[in-house]
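This is what each chain is made of:
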Amino acid sequence: MAEQSGSKQDQHTLTYLSQFGSNLLDSLIKTFSNPETARRNRFILLVTTALILTFVILPKQHTSNLSYKIGDIATSDIRVTNDLLVEDKALTEQRRKDAGNNAPVVYNLSDQMAGALYDKLQHTVTIIREGRDAKPQKSVSQWREQLTPLLDTDLSAAEITALTRISSEKLFLAHVSALLNELYQRKIVLDGKVFQTDIRRGLEISDNNGHPIGGGDYTTGFTEIGEARRIVKNWNFKGVGAYADNARISDIIARILLPNMFFNREASEVRSRTAMEAVRPVLFKLQKGEMVIRVGERITPEQFHKLAAINNNQLGGGGIFTALGTFVLISVLFYFPYRFACKNIRKFNPTNKDVLILSLLVTISFICFKTAIQITHNIGPVFPSVDASNYFYLFPFAAGAMVVRIFINSEVALVYCAILAPLLGIMFDNNMLVSIYSLLGGIMGAHGVRHCTSRGTIYTAGMKVSVVNLALALSFQTLNNAIFTLQTLYITIFALCSGIICAGFVSSFIPLVETLFQYTTDIKLLELANLNSPVLRELMVKAPGTYHHSIVVGNLVEAAAESIGANPLLARVSAYYHDIGKASKPLYFIENQGGEENRHDKLTPSMSALILISHIKDGAELARENRLGQPIIDIIRQHHGTALIKFFYERAKSQAAVSGQIVEEKEFRYPGPKPQTREAGIVMLADCVEAASRTLVNPTSDRIQGLVQKLINNVFIDGQLDECELTLKNLHEIARSFTVILNGIFHHRIDYPEPAYKGGNRSKKMEIREQAKNANGVDPHADTVEQPPETPSVRKPAIQERGCENLKRLGMS
């Protein structure tokens, strides 16, 4: 249970962080996409991206004629361009070493040694007293086994006997305590010679807590451990009977005696490092115009050090101009290809959100490539057989172009490759081969994912990139006359792996970009095409007629989009969702009334028009709440354009004619905008055609074709297709595909031997339809975007009569 609650809490945390990040990005995108400040925001984004890339690329920019090694032959004279103060590293290092060697040595003076030694002796005497009274008496080996670990020294039989024959334990211990306290008044060291050496360097004495202890003459005020042990051997203890026993006990104490002044290695090393760090660098001056090296001379260590100083100065001072030049170059590479594409490439029209993600993608890509360069330079010694300059064949240069193609379009991906390739060449030490390699690999990667409807398409594109990379790598090796070398094998492996790495990166980042930036890819569209999605299921339950209408429109637009080369998947999915706004008021739309009373009969025409218009706004809001994606939201808003709601407009005019009022046509038009893309235009046409086709009494092939052509001509004449890219040729292809699909829907079947309805029913049906026509005053073949409502009083008898006949036939064989 605890694990489950912990996992739930983690899921809540991740969900909260995801929503927080998404909301933050949404606010950033909205701010960036503000039309009033869009131009300024794009300029700020360009400058910011150029500055970041300048700092990323700049560290590799240095003067190549200073890149010498010790022992190389100079190819030109090199002089100092300005006065410099150069650190003499050898002399500085020597001075720091001397300072470290002369730093004071730290010793710790312990005041607990006498007490520790006394505790050992007291414990020993206690054990002997208790064991002496034991039955049977302990042997010497038993005493040795018990006392040796305590005293930390080997005991002979005579010494054990001497300890067991102490006559007065209290007197002995009191005397030993006094002697030890007197002895440890001295500063007892382990090695007197080493201590004398440390005294000459400087000595610091601290207590057990590390606090310094001052005073005293250390040169004479110490005792070596050997001298202290000789003093102990001359001790005469009270409470010990025989002289021999006294000598043996004093010998034991001498062996276990320890110094009370110890060398503190850690503190001494700290003092040494502090002293070394306190030494300031030793500098010497290089004057402007001073000759550093002449052409033909071999580079010495001293000259190499001066060249390194000049190079570092260029990076620090003269590097300002290099950075400025790099910044200007990046800005030019960003701006002019972008302007050229905007003016000359028809489909190059990135939105503000697209520009933002392009900027982030370029920045992140260059940071990753820079990190990869540093890694490959560091692993060079690990794989000495691989030339470090060949690792770039492994880099996933094409991944960015593939991402751009999936989320935006081919034109933007091509411009992206054209900008990225020269910048990569600059970052790789002005390597033209890197520019060519990244440019062609990126173009092939973008081409490979042009119709990305599954994850497998991404990996197929990655393999295509691998093939192109391999061809380029082998051509580069041939160009450099190195085709038959071991490096060719490594380059081949790197080039083949590069495409697969690109596919892996792209496949991993697609869901992240989709979620954060609300893009709608073909993969997302396939997920939305699932008819069991919550939105479509709700539409099916609340508005079944609209649901069926949307499915048929989806079939129409898919065939039409394929015939003209548009995006059939986007068209079909948009058709599924184009009328989801009707789910809020389903009974106000004729396809959902199901024989019930027409609610528009009790409303004014203007109110009816407002209800019909409201399904556009409701659908867009519902799509936005369910994150269906901006392309689908746009088609929902555009699929009626600014078309006229003709039925209610004519009714309003007839009612206004009686009272002498004037009806504004704009009040009965949809708010728009008109379709902006081919897919939106196809959805508009299919929506009209499918709705009108329901009014056909005898849907023969010629009637269907005539209806389709008439409706498309009327939409075209009304100007609803003026802002999308559909051509007259496209309209002919769309009409042809609509006719084929509708012929399939309204196909004829053979007559059954026993008719489904009694005789005369067919004529009855025709009569009912004529009555409906006369009751509504509208011809079923009339071109109406919204169909007139049927009169319930006419429709109900037919339905009731048909239902009764069906009930009579139940159970009949």
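Residues numbered from 1 in each chain as written. Predicted model: local features only at pLDDT ≥ 70, side-chain atom pairs only at ≥ 80, totals over all residues. Heavy atoms only, no water.

Caption draft 1: Structural detail: the overall build of the protein. Helix and strand counts for the protein come out as 30 helices and 10 strands. For the protein, long-range pairs separated by at least 24 residues make up 79% of all intrachain contacts whose partners lie at least 6 apart in sequence. (Helix = DSSP H or I, 4+ residues; strand = E, 2+ residues; numbered from the N terminus. Contact = heavy atoms within 4.5 Å.)

Caption draft 2: Inspection of empty space enclosed by the protein at higher detail. Under the definition given, this model contains four cavities of 30 Å³ or more. Here the largest cavity is characterised by a volume of approximately 50 Å³. What lines the largest cavity is Phe397, Ala401, Tyr416, Cys417, Leu420, Ala421, Leu424, Ser438, Leu439 and Gly442. Of all the secondary structure elements, the ones that give two or more residues to the lining of the largest cavity are helix H15 (410-427) and helix H16 (432-448). Broken down by element, the lining of the largest cavity gets its largest block of residues, five residues, from H15. Lining the second largest cavity, in full, are Ile357, Leu358, Leu361, Val403, Val404, Phe407 and Ile408. Looking at the lining of the second largest cavity, the elements with two or more residues in it are helix H13 (352-378) and helix H14 (398-407). Counted by class, the lining of the second largest cavity contains seven nonpolar, no polar and no charged residues. (1 Å grid on protein atoms, 1.4 Å probe; cavity = no way out; pocket = protein on both sides within 12 Å on 5 of 7 lines; lining within 4 Å. Points joined across faces, edges and corners; volume = space filled by probe spheres on them. Nonpolar A, V, L, I, M, F, W, Y, C, P; charged D, E, K, R; others polar.)

Caption draft 3: Molecular detail of helix H17 (residues 455-479). Relative to the 36 Å expected for 25 residues at 1.5 Å per residue, H17 spans 36 Å between its end C-alpha atoms, a close match to the ideal helical length. Of all the positions in H17, only Thr457, Ile458, Ala461, Gly462, Val465, Ser466, Val468, Asn469, Leu472, Ala473, Phe476 and Gln477 are classed as buried. Of the surrounding secondary structure, the elements contacted by the buried residues of H17 are H14, H16 and helix H18 (486-517). Two residues or fewer after H17 comes Asn481, characterised by a positive phi angle close to 55°. (Expected span 1.5 Å × (residues − 1). Buried < 20%, exposed > 50% of the residue type's maximum accessible area, 1.4 Å probe, protein only.)

Caption draft 4: Looking closely at the side chain of Ser110. You can see Ser110 is positioned in the loop between strand S3 (105-109) and helix H4 (113-132). On the accessibility criterion, Ser110 (14% relative accessible area) is buried. What Ser110 contacts, discounting residues up to four positions off in sequence, is Asn208, Asn260 and Phe262.

Caption draft 5: Local environment of the sheet that holds strand S5 (residues 203-206). Taking strand neighbours across the sheet as the criterion, the four strands line up as S6-S5-S3-S8 in an open arrangement whose pairing is mixed. The two strands at the open ends of the sheet, each matched to only one other strand, are strand S6 (212-213) and strand S8 (261-263). For S3 and S8, the ladder comprises three bridges, and the chain directions are antiparallel. From the neighbouring strand, Asn108 faces S8, where its bridge partner is Phe262. Helix H8 (residues 192-201) rests against S3, S5 and S8 of the sheet, and its axis sits at about 125° to S3. (Pairing = 2+ DSSP bridges. Axes fitted to C-alpha atoms, helices over the stretch in contact; angles between N-to-C directions.)

Caption draft 6: Geometry of unusual backbone geometry. Cis rather than trans, the peptide bond between Gly672 and Pro673 has omega equal to 5°. Along the chain, Pro673 falls in the loop between helix H25 (646-659) and helix H26 (678-693). Despite not being glycine, Asp152 shows a phi value in the positive range, around 60°. By the secondary structure assignment, Asp152 is in the loop between helix H5 (140-151) and helix H6 (157-164). Even without being a glycine, Arg627 presents a positive backbone phi close to 55°.

Caption draft 7: Structural view of the environment of Ala267. Residue position: Ala267 is located in helix H11 (residues 265-277). Between the alpha carbons of Ala267 and Val106 there is a distance of 6.2 Å; along the sequence they are 161 residues apart.

Caption draft 8: Spotlight on the pattern of salt bridges. One pass over the structure, following the stated rule, counts 17 salt bridges. Each of Glu159, Lys233, Asp251 and Arg255 takes part in one network of salt bridges that share partners. (Salt bridge = Lys/Arg side-chain N within 4 Å of Asp/Glu carboxyl O.)

Caption draft 9: Representation of the packing of H15 against H16 in the model. Here H15 crosses H16 at 160°, and the two axes come no closer than 8 Å. In terms of axis orientation, H15 runs roughly antiparallel to H16. Crossing of H15 against H16: the hand is right-handed. Mapping the contact onto sequence places Ala413, Leu414, Cys417, Ala418, Ala421, Pro422, Leu424 and Gly425 in H15 and Val434, Ser435, Ser438, Leu439, Gly442, Ile443 and Ala446 in H16. (Parallel < 35°, antiparallel > 145°, perpendicular 65-115°, else oblique. Left-handed = near helix turned anticlockwise from the far one by under 90°.)

Caption draft 10: Representation of the packing of helix H27 (residues 701-717) against helix H28 (residues 728-745). At a minimum axis distance of 9 Å, the contact between H27 and H28 shows a crossing angle of 145°. In the crossing of H27 with H28, the sense of the turn from one axis to the other is right-handed. Of H28, the residues touching H27 (which contributes Ser701, Ile704, Gln705, Val708, Ile712 and Phe716) are Leu728, Leu731, Ile734, Ala735, Phe738, Thr739, Leu742 and Asn743. Residue composition of the contact of H27 with H28, grouped by class: 10 nonpolar, four polar and no charged.

Caption draft 11: Structural context of the pairing of S5. Pairing between S3 and S5: four bridges, direction parallel. Within S5, the residue paired with Val106 across the bridge is Glu204. For S5 and S6, the ladder comprises two bridges, and the chain directions are antiparallel. Residue pairing across strands places Ser206 opposite Pro212, the latter belonging to S6. Hairpin connection from S5 to S6: five residues lie between these consecutive antiparallel strands, with Gly210 at a positive phi of about 85°.

Caption draft 12: Layout of the nonpolar core. Counting residues in each nonpolar core, the largest one holds 70 residues, and the members touching the most others are Phe366, Phe397, Leu423, Leu424, Met427 and Phe428. For this core, the secondary-structure elements that each account for two or more residues are helix H2 (38-57), helix H12 (301-344), H13, H14, H15, H16, H17 and H18. Considering each element in turn, this core owes the most residues, 11 residues, to H15. If sequence neighbours within four positions are ignored, Phe366 has contacts with Leu53, Val56, Ile57, Leu420, Leu423, Leu424 and Met427. (Core = buried A, V, L, I, M, F, W, Y, C linked by side-chain atoms within 4.5 Å.)

Caption draft 13: Spotlight on the packing of aromatic side chains. For the coordinates displayed, the defined rule picks out 21 aromatic pairs. Between Phe395 and Phe428, the ring centres sit 5.8 Å apart and the planes meet at 55°, which makes this aromatic pair tilted. Here Phe395 is found in the loop between H13 and H14, whereas its partner Phe428 is found in the loop between H15 and H16, with 33 residues between them in sequence. The exposure class assigned to Phe428 is buried, which follows from its relative accessible area of 13%. Relative to Phe509, the ring of Phe505 has its centre 6.3 Å away and its plane inclined at 10°; by these criteria the two rings are stacked. In this pair, Phe505 and Phe509 are both assigned in helix H18, four residues apart and thus about one turn of the helix distant. Here the aromatic residues Phe369, Phe392, Tyr393, Phe395, Phe397, Phe428 and Tyr437 are joined through ring pairs into a cluster of three or more. Geometry around Tyr519 places Lys353 over its ring, the cationic atom sitting 4.4 Å from the centre. (Phe/Tyr/Trp six-rings, centres within 6.5 Å; stacked < 30°, edge-to-face > 60°. Lys NZ or Arg CZ within 6 Å of the ring centre and 35° of its normal.)

Caption draft 14: Seen up close, the side chain of Glu159. Structurally, the position occupied by Glu159 is in helix H6. A polar side-chain atom of Glu159 sits 3.1 Å from the main-chain amide nitrogen of Ser156. (Polar contact = N/O pair within 3.5 Å; in protein donor to acceptor, adjacent residues only side chain to side chain.)

Caption draft 15: View of a nonpolar patch on the surface. Together, Leu324, Val328, Val332, Tyr335 and Phe336 make up an exposed nonpolar region whose accessible area comes to about 470 Å². Looking at the element boundaries, Leu324 is found in helix H12. (Patch = residues over 30% accessible without salt bridge, like charges linked within 9 Å, V, L, I, M, F, W, Y side chains within 5 Å. Areas by Shrake-Rupley, 256 points an atom, 1.4 Å probe, with all protein chains shown as cover.)

Caption draft 16: Spatial organisation of the environment of Lys347. Among the secondary structure elements, Lys347 is positioned in the loop between H12 and H13. Lys347 has contacts with Asn409 and Glu411, leaving out every residue within four places of it along the chain.

Caption draft 17: The confidence of the model for the protein, seen in detail. Per-residue pLDDT for the protein averages 81, and the proportion of residues at 70 or more is 83%. Low pLDDT, under 50, characterises residues 1-8; the stretch is placed with zero contacts to residues that sit more than four places away or in other chains. Taken together, the stretch residues 60-65 has pLDDT below 50 and engages in 14 contacts with residues farther than four places along the chain or on a different chain. (pLDDT = per-residue confidence, 0-100.)

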